[in-house]
Amino acid sequence: MKVVVGTNEEISKLIAEEFIKQVQKKPNSVLGLATGTSPIEVYANMIKANKEGRVSFKDVATFNLDEYIGLEGTHDQSYRYFMNKYLFDGLDIDKARTHVLKGVGDYLAYANQYDALIASFGGIDLQILGIGSDGHIAFNEPGTPFDSLTHVAELTEQTIKDNSRLFNDISEVPTKAVTMGLKSIMNARKIVLIATGKNKAQAIYNLLKGPMTEEVPCSILQKHPDCTIYVDEDAYSLVK
Ligand code: GLP
């Protein structure tokens, strides 16, 4: 794993450039996308490059990592809503080629075919990840099998607490989600992970220095052949 340390502004620009380069090289790239506050500035930089005419996303296909069970795509805390707001609405992308797991209706059937759908597009070329303070990636909580594909996950108390900052009240945070599994994520050809802030420091320490164990879901990335970890000084503080 490579590590890049910089301010949020610097690392967000660098990651956006990775996506831009990827799409310039292969206009019909398959991009793996994440939600959370961490990638917001990355997406803003991608929109800027698109508007400046440096890159077009019109032939790209995207797959998002996860979605809360129980939220419609129009709910302002759903990940479909987030993606439209922070990325897709600002790009020349074909929305029909953007895939986000469903949180309602036939969400289980859709989840069960998600890995096959990704494979039918040729697999993910470049995947961005955030990280939970407990070391989760997507919604793969501690104890998730390393060989997991897309599945239903129960959120831990810690995750519900962390994510409640975005809801009116903690009681509104869904307790379940559908998520790509750890194997689904490892299938991506290239991975970039972004983490900022002191509350990610332990997770980043465990990712870079700890043993590879299912108790620390992100530790599986240690065996990915092309994975770069982008952190700010705070998230890196325990490693230094
Ligand atoms: C959620 C998402 C993760 C994300 C994490 C961190 O739990 N399912 O994909 O990495 O939040 O979010 P943030 O970047 O807001 O700290």
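Before any of the text, the structure's been laid out above.
What this report covers is the structure whose coordinates are included nearby.

About the criteria used
Residues numbered from 1 in each chain as written. Predicted model: local features only at pLDDT ≥ 70, side-chain atom pairs only at ≥ 80, totals over all residues. Heavy atoms only, no water. Salt bridge = Lys/Arg side-chain N within 4 Å of Asp/Glu carboxyl O. Helix = DSSP H or I, 4+ residues; strand = E, 2+ residues; numbered from the N terminus. Buried < 20%, exposed > 50% of the residue type's maximum accessible area, 1.4 Å probe, protein only. Disulfide = S-S within 2.5 Å. Expected span 1.5 Å × (residues − 1). Bend = angle between axes of the 7 residues up to and from the residue. Contact = heavy atoms within 4.5 Å. Near = heavy atom within 4 Å. Areas by Shrake-Rupley, 256 points an atom, 1.4 Å probe, with all protein chains shown as cover. Phe/Tyr/Trp six-rings, centres within 6.5 Å; stacked < 30°, edge-to-face > 60°. Pairing = 2+ DSSP bridges. Axes fitted to C-alpha atoms, helices over the stretch in contact; angles between N-to-C directions. 1 Å grid on protein atoms, 1.4 Å probe; cavity = no way out; pocket = protein on both sides within 12 Å on 5 of 7 lines; lining within 4 Å. Points joined across faces, edges and corners; volume = space filled by probe spheres on them.

Before going further, it helps to examine the pattern of salt bridges. Two side chains bearing opposite charge may form a pair once their charged atoms approach each other closely. Applying the stated criterion to the full structure yields 13 salt bridges. Between K58 and D59 there is a salt bridge whose closest N-O contact spans 3.4 Å. One salt bridge in this structure joins K198 and D234, with 3.4 Å as the shortest N-O distance. Remark: D234 occurs in helix α8 (residues 233-236) and K198 occurs in the loop between β9 (190-195) and α7 (201-209); sequence separation between them is 36 residues. The partly exposed category is assigned to D234, whose relative accessible area is 33%. When salt bridges that share partners are traced, they join E18, K21, K190 and D226 into one network.

What follows covers the state of the cysteines. Taken as a whole and judged by the stated rule, the model has 0 disulfides. C218 supplies the cysteine sulfur nearest to C227, a cysteine that is in no disulfide, at a spacing of 9.8 Å.

In an α-helix there are 3.6 residues to a turn, and that puts residues three or four apart on one side. Counted at 1.5 Å a residue, the expected span for helix α4 (residues 107-120) with its 14 residues is 20 Å, and the 19 Å between its end C-alpha atoms agrees. Along α4, the sharpest change in direction is near 45° and occurs at Y114. Turning to α4, its buried residues are Y110, A111, Y114, D115, L117 and I118. At its buried positions, α4 is contacted by β3 (61-64), β5 (98-99), β8 (176-179) and α6 (182-186).

Not every one of the 13 residues close to the ligand is listed here, only the nearest: T37, S38, D66, R165 and K200. Here the ligand, which alone exposes 390 Å², has 94% of that area covered by the protein.

Turning our eyes to something else, we now look at the packing of aromatic side chains. Two measures describe an aromatic ring pair: the distance that separates the ring centres and the angle between the ring planes. Tallied over the full model, the rule gives 8 aromatic pairs. Consider the rings of Y68 and F167, whose centres lie 5.7 Å apart with planes at 80°: the pair is edge-to-face. With Y68 in strand β4 (residues 66-68) and F167 in the loop between α5 (157-163) and β8, this residue pair connects regions lying 99 residues apart in the sequence. Just as Y68 is buried, F167 falls in that class too.

Before going further, it helps to spend a moment on the sheet that holds β4. Pairing is antiparallel across the open sheet formed by 3 strands, whose spatial order is β4-β8-β7. Both outer strands of the open sheet, β4 and β7 (151-154), are each paired with one neighbouring strand and no more. When strand polarity is set aside, the average angle formed by the axes of neighbouring strands in this sheet is 30°. Alignment of β4 against β8, held across 3 bridges, turns out to be antiparallel. Within β8, the residue paired with E67 across the bridge is V178.

So, about the sheet that holds strand β10 (residues 227-231). With respect to topology, 7 strands assemble into an open sheet ordered β1-β10-β9-β6-β2-β3-β5, the strand pairing being parallel. Among the strands making up the open sheet, the edge pair consists of β1 (2-5) and β5. Summarising the sheet, β9 and β10 pair through 5 bridges and their orientation is parallel. Along β10, the bridge assignment pairs L193 with I229. Sheet strands in contact with α7 are β1, β9 and β10, and its direction is about 150° off that of β10.

The computed volume of the largest pocket comes to approximately 690 Å³. Residue lining of the largest pocket: 32 residues in total, with T35, G36, T37, R165 and L166 positioned closest to the centre. Contributing elements (two or more residues each) for the lining of the largest pocket: β4, α3 (79-86) and α5. Of all the elements, α3 adds the most residues to the lining of the largest pocket, at 5 residues.

Here strand β6 (residues 126-129) shows no split at all, with L126 and I128 on one side and Q127 and L129 on the other all buried. Bridging between strand β2 (residues 30-33) and β6 involves 2 bridges; their strand directions are parallel. Counted as the bridge partner of G32 is Q127 from β6. Here 4 bridges tie β6 to β9, and the two strands are oriented parallel to one another.

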